[in-house]
Amino acid sequence: MSSENSTTNLQVFLNPDVLHFFLTFNLMICGNVIGVLGILGNVLNIANFAKDRMEDTVSITLSALAVSDVGALVVQMFINVLSNSFWTDVDHPFLTMSILSALLVYPREYFVRVSGFITVFASFERCLCVVAPLKVKRIITRNVAITVNTSIFIVLLLYLYPTIAFIYFDWGVDSRRNRSAIVVFYRDNAESVFTVSYAVADLFLPYCTFFFLILSNTVIVTTLKSKSKWRQSVTGSSFSHDSNKGMISTKEKKLVVMLVKISTIFIGCLFPQSALFTAVGLVREMKLNGLYFDLTRMVYSFTFLLETINCSVNIIVYYSMSSKFRKRIQSWFPSLRS
């Protein structure tokens, strides 16, 4: 058994005042303000999609995405508060960084992973809609959408297994204050388990998510352009009703474009975090108690802020792209009609 005294042996690489400023500005101010707005926005998303009685597969998937985003934002707000340097000088009976990592970071990353897989599923569904518009409703039914989204939430709970099985809390020694405190202890073989978990869940899965999103969106854009050129090349007399059946409607095209935008925002906001995870995995000095760990914390404040933005902006995309969504929001908030 071993313990992690995460605040005791940190070496200084950055000016502490610089680190404190970015942690406070990015997390406490920007992160919490955007997080609160994001939670409210996602609640409106869920209420809006619930009006469709979850009969549409897209409404089911986007509702599941909103639920996972709310989970990530709520946990992130607790992290924002506990990550602030203010806690270093507070007299509390536990080591903040250790407790923070064990109790909050893993649940937050769980919701982020769930959001990624749900986005992949939504993108895959729209890809089928473009490639096989006549078959997609038979392949992706309401029950299939419910089953897939529920399974994503359940299966990815495995991400939390190492924390539950190999970490526990007990009284130890806080050498910085020279007194007893609640610290994190790791069970036997925990290091090897966390190494494998880190490689699979924090490196492999995120890059796979990016790959499938890029692949499906590339197929969508390429197919839409191909069909558009074909349609323009066909004369009005030879463009039969039967040929038109193979084309997707304008409404479906708007939905496709909306989901492509959501996928693009997801990749743009989450790729920096994955790149940072990769760097931490390769550079020992960037890990806990390493020489550059304070630099890692500062960069984390920016990547966390990007992830908070990703979980919060979907309502803006829905409102600008969907007339049905927009009219419903305006009926709740008449002042928006102007």
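Residues numbered from 1 in each chain as written. Predicted model: local features only at pLDDT ≥ 70, side-chain atom pairs only at ≥ 80, totals over all residues. Heavy atoms only, no water.

Observations concerning the packing of aromatic side chains
Inference 1: One pass over the structure, following the stated rule, counts 20 aromatic pairs.
Inference 2: Aromatic pair Tyr168 and Phe185: ring centres 5.6 Å apart, planes at 20 degrees, arrangement stacked. Of this pair, Tyr168 sits in strand S2 (residues 167-174) while Phe185 sits in strand S3 (residues 179-186), and the two are 17 residues apart along the sequence.
Inference 3: Consider the rings of Phe211 and Phe212, whose centres lie 5.4 Å apart with planes at 70 degrees: the pair is edge-to-face.
Inference 4: Through successive ring pairs, a cluster of aromatic residues spans Phe21, Phe22, Phe25 and Phe302. (Phe/Tyr/Trp six-rings, centres within 6.5 Å; stacked < 30°, edge-to-face > 60°. Helix = DSSP H or I, 4+ residues; strand = E, 2+ residues; numbered from the N terminus.)

Description of the packing of helix H9 (residues 250-282) against helix H11 (residues 314-321)
Inference 1: Packing of H9 against H11 brings their axes to within 10 Å, and their N-to-C directions diverge by 160 degrees. One way to sum up the angle between H9 and H11 is to call them roughly antiparallel. Of the two possible hands of crossing, H9 and H11 adopt the one that is right-handed. The segment H9 lies against H11, with Lys254, Val257, Met258, Lys261, Ile262 and Ile265 engaging Asn314, Val317, Tyr318 and Met321. (Axes fitted to C-alpha atoms, helices over the stretch in contact; angles between N-to-C directions. Parallel < 35°, antiparallel > 145°, perpendicular 65-115°, else oblique. Left-handed = near helix turned anticlockwise from the far one by under 90°. Contact = heavy atoms within 4.5 Å.)

Here we look at the UniProt feature "transmembrane region" (unreviewed entry) in the protein
Inference 1: In this structure's numbering, the residues bearing the UniProt feature "transmembrane region" (unreviewed entry) are residues 20-46, 58-79, 110-134, 146-169, 204-224, 255-279 and 299-319.
Inference 2: Each end of residues 299-319 is marked by a C-alpha atom, and these two atoms are 31 Å apart; helix forms 95% of the span and strand 0%. (UniProt positions renumbered as here; feature names shortened; annotations may be inferred.)

Remarks on H11
Inference 1: Residues of H11 that are buried: Asn314, Ile315, Val317, Tyr318 and Met321. An end-on view of H11 places all buried positions within 160 degrees of arc, on one side of the element.
Inference 2: Looking at the buried residues of H11, the elements they touch are helix H1 (16-50), helix H2 (57-83), H9, helix H10 (293-312) and helix H12 (323-332). (Buried < 20%, exposed > 50% of the residue type's maximum accessible area, 1.4 Å probe, protein only. Arc of directions from axis to C-beta.)

What about the nonpolar core?
Inference 1: In this structure, Leu62, Tyr110, Val114, Ile118, Met258, Ile262 and Tyr318 are the most contacted members of the largest nonpolar core, which totals 31 residues.
Inference 2: When residues of this core are traced back to their parent elements, those giving at least two are H2, helix H3 (96-131), helix H5 (142-155), helix H7 (190-233), H9, H11 and H12.
Inference 3: Element by element, the count of residues in this core is highest for H3, at five residues.
Inference 4: Once you skip the residues sitting within four places of it in the chain, Met258 turns out to touch Leu62, Val317, Tyr318 and Met321.
Inference 5: The next biggest cluster of nonpolar side chains, apart from the first, holds 14 residues, and it includes Leu27, Ile79, Met286 and Phe304. (Core = buried A, V, L, I, M, F, W, Y, C linked by side-chain atoms within 4.5 Å.)

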